[in-house]
Amino acid sequence: MSNIHVPRRTFLFGSLAGLLLPGQVAAQPYPSNLIRVVVPAGAGTPPDIISRMIADELAANEGWRLVVEDRPGALQTIAMNDVSGLRRTAIHC
């Protein structure tokens, strides 16, 4: 393992900036938009039920907004095509 040498001045300025600017470094709440959970199975199947149970727990505990969508058929190809066509800014599982 190698020793990393940080100059004292750099360390002090970095520490001071971290102490003086806590409001500037605060993270935004995650996630700020709707989350789509695409399930490659039919309604009422075990993957659908488990996904809905997890979505309900996340909504209750974390306050996230989740929508579970079932996309069965064609050996999960329909679900994969649906997810791959989403905007890159969307959050999808």
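Residues numbered from 1 in each chain as written. Predicted model: local features only at pLDDT ≥ 70, side-chain atom pairs only at ≥ 80, totals over all residues. Heavy atoms only, no water.

Caption draft 1: Representation of a nonpolar patch on the surface. The grouping of Ile4, Val6, Phe11 and Leu12 at the surface amounts to a nonpolar patch, some 460 Å² of accessible area in total. Mapped onto the secondary structure, Ile4 falls in the segment before α1 (8–20). Take Ile4: its relative accessible area is 75%, and that puts it in the exposed class. (Patch = residues over 30% accessible without salt bridge, like charges linked within 9 Å, V, L, I, M, F, W, Y side chains within 5 Å. Areas by Shrake-Rupley, 256 points an atom, 1.4 Å probe, with all protein chains shown as cover. Salt bridge = Lys/Arg side-chain N within 4 Å of Asp/Glu carboxyl O. Helix = DSSP H or I, 4+ residues; strand = E, 2+ residues; numbered from the N terminus. Buried < 20%, exposed > 50% of the residue type's maximum accessible area, 1.4 Å probe, protein only.)

Caption draft 2: Just helix α3 (residues 46–62), in detail. For α3, built from 17 residues, the straight-helix expectation of 24 Å at 1.5 Å per residue is met to within 8% by its first-to-last C-alpha distance of 24 Å. Asp48, Ser51 and Ala55 are the residues of α3 that are buried. Summarising the axial view, the buried residues of α3 lie within an arc of 65°, below the 170-degree limit, and thus occupy one face. In α3, those exposed residues whose orientation departs by more than 90 degrees from the buried face are Pro46, Met53, Asp56, Ala60 and Asn61. For α3, the secondary structure elements touched by its buried residues are β1 (35–39) and β2 (66–70). Immediately beyond the C-terminal end of α3, within one or two residues, lies Gly63, with a positive phi of roughly 80°. (Expected span 1.5 Å × (residues − 1). Arc of directions from axis to C-beta. Contact = heavy atoms within 4.5 Å.)

Caption draft 3: Representation of the confidence of the model for the chain in the model. Here the chain averages 76 in pLDDT, while 71% of its residues score no lower than 70. The secondary-structure element of the chain with the lowest mean pLDDT is strand β3 (residues 91–92), recorded at 52, while α3 shows the highest, at 89. (pLDDT = per-residue confidence, 0-100.)

Caption draft 4: Structural view of the nonpolar core. Ile35, Val37, Val39, Ala41, Ala55 and Val68 together form the largest nonpolar core, which totals six residues. In terms of residues, this core owes the most to one element, β1, which gives three residues. The residues contacting Ala55, other than those within four sequence positions of it, are Leu66 and Val68. (Core = buried A, V, L, I, M, F, W, Y, C linked by side-chain atoms within 4.5 Å.)

Caption draft 5: Highlighting the pattern of salt bridges. Applying the stated criterion across every chain, the model contains four salt bridges. For Glu69, the salt bridge identified is with Arg36, shortest N-O distance 2.8 Å. Within this pair, whereas Glu69 is found in strand β2, its partner Arg36 is found in strand β1, the two being separated by 33 residues in sequence. The burial state of Glu69 is the same as that of Arg36; both residues are buried. One salt bridge connects Arg52 with Asp70, and the closest N-O pair in it is separated by 3.3 Å. Of this pair, Arg52 sits in helix α3 while Asp70 sits in strand β2; the two residues are 18 residues apart in sequence, bridging distant segments of the chain. Put simply, Arg36, Glu69 and Arg71 are held in one network by salt bridges that share partners.

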